[in-house]
Amino acid sequence: MSAKNWIEFPRVEGETSRQAHADLPAGTYEREIGRDGFFGPAAHLYHRHPPTGWTSFDGPMRPRAFDALAAGEASSDPFRAAELLVNTHCRIAIWSIATAMTQLARDSDGDLLLFVHEGAGDLFCDFGHLQYRDGDYILLPRGAMWRLAPSARTTCLMIETRNGAFRLPERGILGPHAIFDPATLDTPKLDDAFRAQADEREWRVCVKRRDERTIITYPFNPLDAVGWKGNLAPVRLNWRDIRPVTSHRYHIPPSVHSTFVADRFVVCTFVPRPIESDAGALKVPFFHSNDDFDEVIFYHQGEFFSRDNIRPGMITFHPCGFTHGPHPKAFAAGAKAAKTMTDEVAVMIDARDPLDMSKAAQAAEDRGYADSWKTK
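Basis of the calculations
- Residues numbered from 1 in each chain as written.
- Predicted model: local features only at pLDDT ≥ 70, side-chain atom pairs only at ≥ 80, totals over all residues.
- Heavy atoms only, no water.
- Disulfide = S-S within 2.5 Å.
- Buried < 20%, exposed > 50% of the residue type's maximum accessible area, 1.4 Å probe, protein only.
- 1 Å grid on protein atoms, 1.4 Å probe; cavity = no way out; pocket = protein on both sides within 12 Å on 5 of 7 lines; lining within 4 Å.
- Points joined across faces, edges and corners; volume = space filled by probe spheres on them.
- Helix = DSSP H or I, 4+ residues; strand = E, 2+ residues; numbered from the N terminus.
- Nonpolar A, V, L, I, M, F, W, Y, C, P; charged D, E, K, R; others polar.
- Salt bridge = Lys/Arg side-chain N within 4 Å of Asp/Glu carboxyl O.
- Core = buried A, V, L, I, M, F, W, Y, C linked by side-chain atoms within 4.5 Å.
- Contact = heavy atoms within 4.5 Å.

Glancing now at the state of the cysteines. Per the stated rule, a full pass over the model turns up zero disulfides. Just so you know, C156 is unpaired, no disulfide at all, and the nearest cysteine sulfur is the one on C125, 15 Å from it. The thiol of C206 is not disulfide-bonded; the next cysteine sulfur, from C156, is found 17 Å away. Using a relative accessible area of 1% as the deciding quantity, one classes C206 as buried.

What follows covers empty space enclosed by the protein. A full pass over the atoms with the stated rule returns two cavities of 30 Å³ or more. As a volume, the largest cavity reaches approximately 400 Å³. Looking at the largest cavity, it is lined by 33 residues, and the ones nearest its centre are H251, P254, F270, P285 and F304. Contributing elements (two or more residues each) for the lining of the largest cavity: β15 (265-270), β17 (294-301) and β18 (314-318). In the lining of the largest cavity, the residues fall into 16 nonpolar, 12 polar and five charged. Of the volumes computed, that of the second largest cavity is approximately 40 Å³. Lining the second largest cavity are Y299, H300, Q301, G302, F304, I310, R311, P312, E344 and V345. The biggest single contributor to the lining of the second largest cavity is β17, with three residues. Partitioning the lining of the second largest cavity into residue classes produces five nonpolar, three polar and two charged.

Before going further, it helps to examine the pattern of salt bridges. Enumeration according to the criterion identifies 27 salt bridges in this entry. Residues D107 and K208 are paired through a salt bridge, measuring 3.7 Å at the closest nitrogen-oxygen approach. With D107 in strand β6 (residues 104-107) and K208 in strand β11 (residues 203-209), this pair connects stretches of sequence that are 101 residues apart. Neither D107 nor K208 differs from the other in exposure class; each is buried. Here R273 makes a salt bridge to E276, at a shortest N to O gap of 3.5 Å.

Let us look at the layout of surface pockets. Where empty space is left becomes clear once a probe the size of a water molecule has been rolled over the atoms. In this structure, the largest pocket occupies an estimated 1,700 Å³ of space. Lining the largest pocket are 48 residues, and of these F38, F39, G40, P41 and A42 sit closest to its centre. Contributions of two or more residues to the lining of the largest pocket are made by β2 (42-47), β14 (258-261), β15 and β20 (345-351). Examining the composition of the lining of the largest pocket, we find that four residues originate from one element, β2, more than from any other. Taken together, the residues that form the lining of the largest pocket break down as 25 nonpolar, 11 polar and 12 charged.

Quick look at the nonpolar core now. Counting 41 residues, the largest nonpolar core has L85, L157, I159, V267 and I349 as the members making the most contacts within it. The element that contributes the greatest number of residues to this core is β20, accounting for four residues. Apart from residues no more than four positions distant in its own chain, I159 is found in contact with C90, R91, D111, L112, L113, F166, F265, V267, V347 and I349. Listed in part, the 23 residues of the second largest apolar core include A81, A93, L140 and W146.

This is how it looks when you write it as structure tokens:
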């Protein structure tokens, strides 16, 4: 039997803590420099001043925040959704729809992940019928035909893995049922609602390939399956079914909250959890320099405990290469340990390749976001 992790003896220099993110030397601020998004080698430095205590910040690595909802417009066509951030492997957009789609959609560029920020209704696809509500992830495999029929105006964060696929993350020694049991993944049903939507009138299918649209017309509704079998289908997961890994003595890195993984990025979900109760443990995210990933967070609901002036429907975008962490008021509140639970729900996308910010996102930007770390 071979060992996966040999015992190592990291170098220690000067005044440090024995355990990362806990029992920091008095009057110091811990900063983590890490590789591979918290999975690789790391070092912890202990500073006399906050690593985010800058007086100005100008240039392309400037942290950004914008109102994603303001960047979008209602459309019955998901491929007309407002693009927010994009690179070769990942596309993030915001889509609002008020009435039922009158044609089918099929993405041939990659899997499509919808996170329902608000709204409710029905999904009809090759595989059957699913109802949806706020807080649902809906994963649509590449090539699936589908449409939404909202019962309430619906706004979705759309995440496309371009020329790739979404998978579930490895759970390692936690076991396959940690975070959420795979049995909580709902699949479409060939139920009465699905059978009732089938008809013999003309239907169009809008297929997206290489970001170009092709229209295929049928003299009948192609959502007419009478059965299916296999291990590939759309799935639904609600954040309320996620049971986060926690530790009362140690602030766990965000990577443990991974929900879906793609070839060059990962999707994590932050849900309410107990705040660390050990007297010496950090109660807020630690300052860190993530030099391998761009970090994007979409705020769904609640009060995000490490940020000021962030409301539901906003996105923060931190290009890799600079140190960031909790805002001063959040850091001070964590030190007082006044709260025992977090209440935020948020979706995080960590992208290995640099993301470009769209003009629509820039138009909805809070230009003072980089100044929010300044000590007032």
